[in-house]
Amino acid sequence: MRTLLLLGVWALCLCVFVAADTQPKGQEYDLSPEKDEVLQLTKGNFKRALRKYEQLLVYFSAPLTVEGHRVSEAFEGAAAELQGSEVKLAVIDVKNEKNLAEELNATDHTIRLYISGDKHNPVSCPVPQSAASILTWLKRRVGSASDLITDLSQIEAREELTVVGFFKELNQEYIQVFYAAATDLPDVHFAVTQNIEVISKYGLTYDTIFLLKKSKLTQAYKMLPQTAKEELIVFITVYQMDPVTEYTGKSAPQILTSPVLNHALLFIKESSADFKEIHSAFHNTAEAFRLKILFIWVNVEEPRNGRLMEYFRVRDFEAPLIRLVNLTDHITYHLPSETLDAETIKTFCQSYLEGTAKPKMQSEEIPEGWEEQPVKELVGMTLEEVAFNPNKTVFVLFYLPYSKASHAVFPLWEELAEALKDREDTVIARIDASANVINMSMLGSYPSLCLFPALYAERVVVYTGKRKLKDLIKFIDEEMEEAKKYRVLEDEDRRKYMKALKAEEAKKVQKIKEEL
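Residues numbered from 1 in each chain as written. Predicted model: local features only at pLDDT ≥ 70, side-chain atom pairs only at ≥ 80, totals over all residues. Heavy atoms only, no water.

(A) Main features of helix α13 (residues 342–354). Over its 13 residues, α13 runs 18 Å from end to end, which matches the ideal 18 Å to within 8%, given 1.5 Å per residue. For α13, every residue scored as buried is listed here: Thr344, Ile345, Phe348, Cys349, Ser351 and Tyr352. Within α13, the buried residues cover an arc of 160 degrees as seen down the axis, which keeps them to one side. With a side-chain oxygen positioned 3.2 Å from the backbone nitrogen of Glu343, the residue opening α13 is Asp341. One or two positions beyond α13, positive phi appears at Gly355, with a value near 85 degrees. (Helix = DSSP H or I, 4+ residues; strand = E, 2+ residues; numbered from the N terminus. Expected span 1.5 Å × (residues − 1). Buried < 20%, exposed > 50% of the residue type's maximum accessible area, 1.4 Å probe, protein only. Arc of directions from axis to C-beta. Polar contact = N/O pair within 3.5 Å; in protein donor to acceptor, adjacent residues only side chain to side chain.)

Below you can see the structure in the form of structure tokens.
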């Protein structure tokens, strides 16, 4: 009897399994829940979704991020347009579905197209800016360059920038590279023309890619047999952007996904009197470093830029200044505010590309024999120890290695050190402000000449007088005399403090004796 019961149960299970396996594709399972036609996938329903849909476009989302919210909205918009098609859009919350994401080897903001149930060989999809981007990518993925053929007059009439391929024949390898780039850049408008008028109108030859906006040629790129898709994408991505981009929530994704990994960031107050002049110098420099450095300006008065400023350790009172960083090693280089003219910025950027610029660090290494030199070379680790010595008057030159104005002070500083070499209570020093973190807000512009009096109080006096030897010595002498007055008061306060401390200690000892 028991055997017959077991056989009956097994037969029932087998029938259910066969029935489920033979259901028509598309009616196999109910895969709820959905949100605005976008399937919400979990480890429990992912495999069923693969079996059900011929094409499954999946966004691995971090929903609590700005990027996650933007892409999810794009997915919802595209899903509404794709109703009834063989493409189904879906989202996986990476935070809640960690095991599934790890199994699929996917991270935040990854987008993949799974075809015919194959989870091992998905097609990567670029992160879209809008619903239209998703639809364009899906269309271009299965299309060809002939789909992009457009009348030249229509191309010239467009307000938006268009990437135009000018080809004589459409069966060359050039075309495949061009179309592959178009597929990977769905947010960019592409077109193909064979109109010979391009030669006379724009002075171009066949097999050339050019950027057109309102009939104006902005840039051209000659295709070569060895041209790779990646090279073309870099060219298009860089030149579709303005030479200088303002950092905002909207521009951040474009900046972070740029193929140019060297970023120069100008931190500045938009309301400052010199904003237009400095921004113009930054913009003019940017043109010379296209494809090498991406130029971005950051308004330090915008509260939403606080996190970026915190990352680069920039305080609003330090602006304007420039930080240069490579997104692969995240080593930062620093150009503080001084005269941020085009020549200074250009020299700074050139030195970075040539590898001669010094990175911004908490401190450089302490140079060997620094104490033996007439002018002491300080670094971040020695600055406070030397400058705030209560028994020395220390005069420090804060300089920039890229600055002609800084270099102009060097001979004077050596002369000053030589003139005061017999004064044991006076130290003449200097420090590279671009390569060491300087936690002082009162320095002013660079080069900055700052005197640290021989006091216990951490006091700094910025010199603003004439840069001549006799004026500097006079300034030092006057400040030393002034400091002596304060030192008398400090010594008296310290004497009273020590006396009170000893009296308190004596009371504690007496109390212990009495308790014993």
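(B) Main features of the sheet that holds strand β8 (residues 189–193). Spatially, the 4 strands line up as an open sheet ordered β8-β7-β9-β10, and their pairing is mixed. Each having just a single partner strand, β8 and β10 (216–222) make up the two edges of the open sheet. Strand-to-strand twist across the sheet, computed as the mean angle between neighbouring axes with direction ignored, equals 25 degrees. Where strand β7 (residues 162–166) and strand β9 (residues 208–213) come together, 5 bridges link them in antiparallel fashion. Bridging across to β9, Phe166 finds its partner in Thr208. Running over the sheet, helix α7 (residues 173–184) touches β7, β8 and β9 and is turned about 160 degrees from β8. Sheet contacts for helix α9 (residues 229–240): β7, β8, β9 and β10; angle to β10, the most-contacted strand, approximately 160 degrees. (Pairing = 2+ DSSP bridges. Axes fitted to C-alpha atoms, helices over the stretch in contact; angles between N-to-C directions. Contact = heavy atoms within 4.5 Å.)

(C) Focus on a nonpolar patch on the surface. Together, Tyr497, Met498 and Leu501 make up an exposed nonpolar region whose accessible area comes to about 310 Å². Tracing the sequence through the fold places Met498 in helix α16 (residues 469–515). With a relative accessible area of 39%, Met498 lands in the partly exposed category. (Patch = residues over 30% accessible without salt bridge, like charges linked within 9 Å, V, L, I, M, F, W, Y side chains within 5 Å. Areas by Shrake-Rupley, 256 points an atom, 1.4 Å probe, with all protein chains shown as cover. Salt bridge = Lys/Arg side-chain N within 4 Å of Asp/Glu carboxyl O.)

(D) Molecular detail of the layout of surface pockets. Of the pockets and cavities examined, the largest pocket occupies roughly 1500 Å³. Lining the largest pocket are 45 residues, and of these Leu185, Asp187, Val188, Gln240 and Gln254 sit closest to its centre. Of all the secondary structure elements, the ones that give two or more residues to the lining of the largest pocket are α3 (66–81), α5 (131–141), α7, β8, β10, α9, β11 (244–246) and α10 (252–256). If one sorts the elements of the lining of the largest pocket by residue count, α5 sits on top with 5 residues. Grouping the constituent residues of the lining of the largest pocket by class yields 17 nonpolar, 14 polar and 14 charged. What the second largest pocket holds in volume is close to 990 Å³. Around the second largest pocket, the lining comprises 29 residues; the ones closest to its centre are Tyr247, Thr248, Gly249, Ala252 and Leu256. Looking at which element gives the most residues to the lining of the second largest pocket, the answer is α10, with 4 residues. Counted by class, the lining of the second largest pocket contains 13 nonpolar, 9 polar and 7 charged residues. For the lining of the second largest pocket, the two domains that each supply at least three residues are domain 1 (39–139) and domain 3 (244–354). (1 Å grid on protein atoms, 1.4 Å probe; cavity = no way out; pocket = protein on both sides within 12 Å on 5 of 7 lines; lining within 4 Å. Points joined across faces, edges and corners; volume = space filled by probe spheres on them. Nonpolar A, V, L, I, M, F, W, Y, C, P; charged D, E, K, R; others polar. Domains from an automatic or database assignment.)

(E) Examining the pairing of strand β4 (residues 87–93) more closely. β4 sits mainly inside the fold: 6 of its 7 residues count as buried. Across 7 bridges, the pairing between strand β3 (residues 55–61) and β4 is parallel. Looking at the pairing, Val58 lines up with Ala90 of β4.

(F) Geometry of the packing of helix α11 (residues 275–288) against α13. The geometry of α11 relative to α13 is characterised by a closest axis approach of 8 Å and an angle of 45 degrees between their N-to-C directions. Taken together, the axes of α11 and α13 are oblique relative to one another. When you trace α11 past α13, the crossing you get is right-handed. The residues of α13 that touch α11, namely those facing Ala281, Phe282 and Thr285, are Ala342, Ile345 and Lys346. Residue classes in the contact of α11 with α13 are distributed as 4 nonpolar, 1 polar and 1 charged. (Parallel < 35°, antiparallel > 145°, perpendicular 65-115°, else oblique. Left-handed = near helix turned anticlockwise from the far one by under 90°.)

(G) Structural detail: a negative patch on the surface. Taken together, the side chains of Glu246, Glu270, Glu301 and Asp316 make up a negatively charged region of the molecular surface. The topology assignment puts Glu270 in the loop between β12 (262–268) and α11. (Lys, Arg positive; Asp, Glu negative; His and termini not counted. Charge placed at Lys NZ, Arg CZ, Asp CG, Glu CD.)

(H) Spatial organisation of the sheet that holds strand β16 (residues 376–378). Sheet architecture is open: 5 strands sit in the order β16-β18-β17-β19-β20, paired in mixed fashion. Both outer strands of the open sheet, β16 and β20 (461–463), are each paired with one neighbouring strand and no more. Averaged over all neighbouring strand pairs, the angle between strand axes comes to 30 degrees, with direction disregarded. Relative to strand β18 (residues 426–432), strand β17 (residues 393–399) runs parallel, the two sharing 7 bridges. Within β18, the residue paired with Phe398 across the bridge is Ile431.

(I) Representation of the packing of α3 against α5 within the structure. Where α3 meets α5, the closest approach of the two axes is 7 Å, and the angle between their N-to-C directions is 55 degrees. In terms of axis orientation, α3 runs oblique to α5. Helix-helix and strand crossings are classified by hand; for α3 and α5 the assignment is right-handed. For the pair α3 and α5, contact is made by Ala74, Phe75, Gly77, Ala78 and Glu81 and by Ala131, Ile134 and Leu135, respectively. When the residues that make up the contact of α3 with α5 are grouped by side-chain class, the tally is 6 nonpolar, 1 polar and 1 charged.

(J) How the structure looks around the packing of aromatic side chains. Applying the stated rule across the entire model yields 19 aromatic pairs. Ring centres of Tyr202 and Phe210 lie 5.7 Å apart, and the angle between their planes is 35 degrees; on these two criteria the pair is classed as tilted. Their ring planes at 90 degrees and their centres at 5.1 Å tell us that Tyr399 and Phe410 sit as a pair that is edge-to-face. With Tyr399 in strand β17 and Phe410 in helix α15 (residues 404–419), this pair connects stretches of sequence that are 11 residues apart. A relative accessible area of 6% means that Tyr399 is categorised as buried. Since its relative accessible area comes to 16%, Phe410 is described here as buried. In this structure, Arg430 is placed above the aromatic ring of Tyr399, and the distance from its NZ or CZ to the ring centre is 5.1 Å. The positively charged end of Arg430 is found above the aromatic ring belonging to Phe410, 4.4 Å away from the centroid. (Phe/Tyr/Trp six-rings, centres within 6.5 Å; stacked < 30°, edge-to-face > 60°. Lys NZ or Arg CZ within 6 Å of the ring centre and 35° of its normal.)

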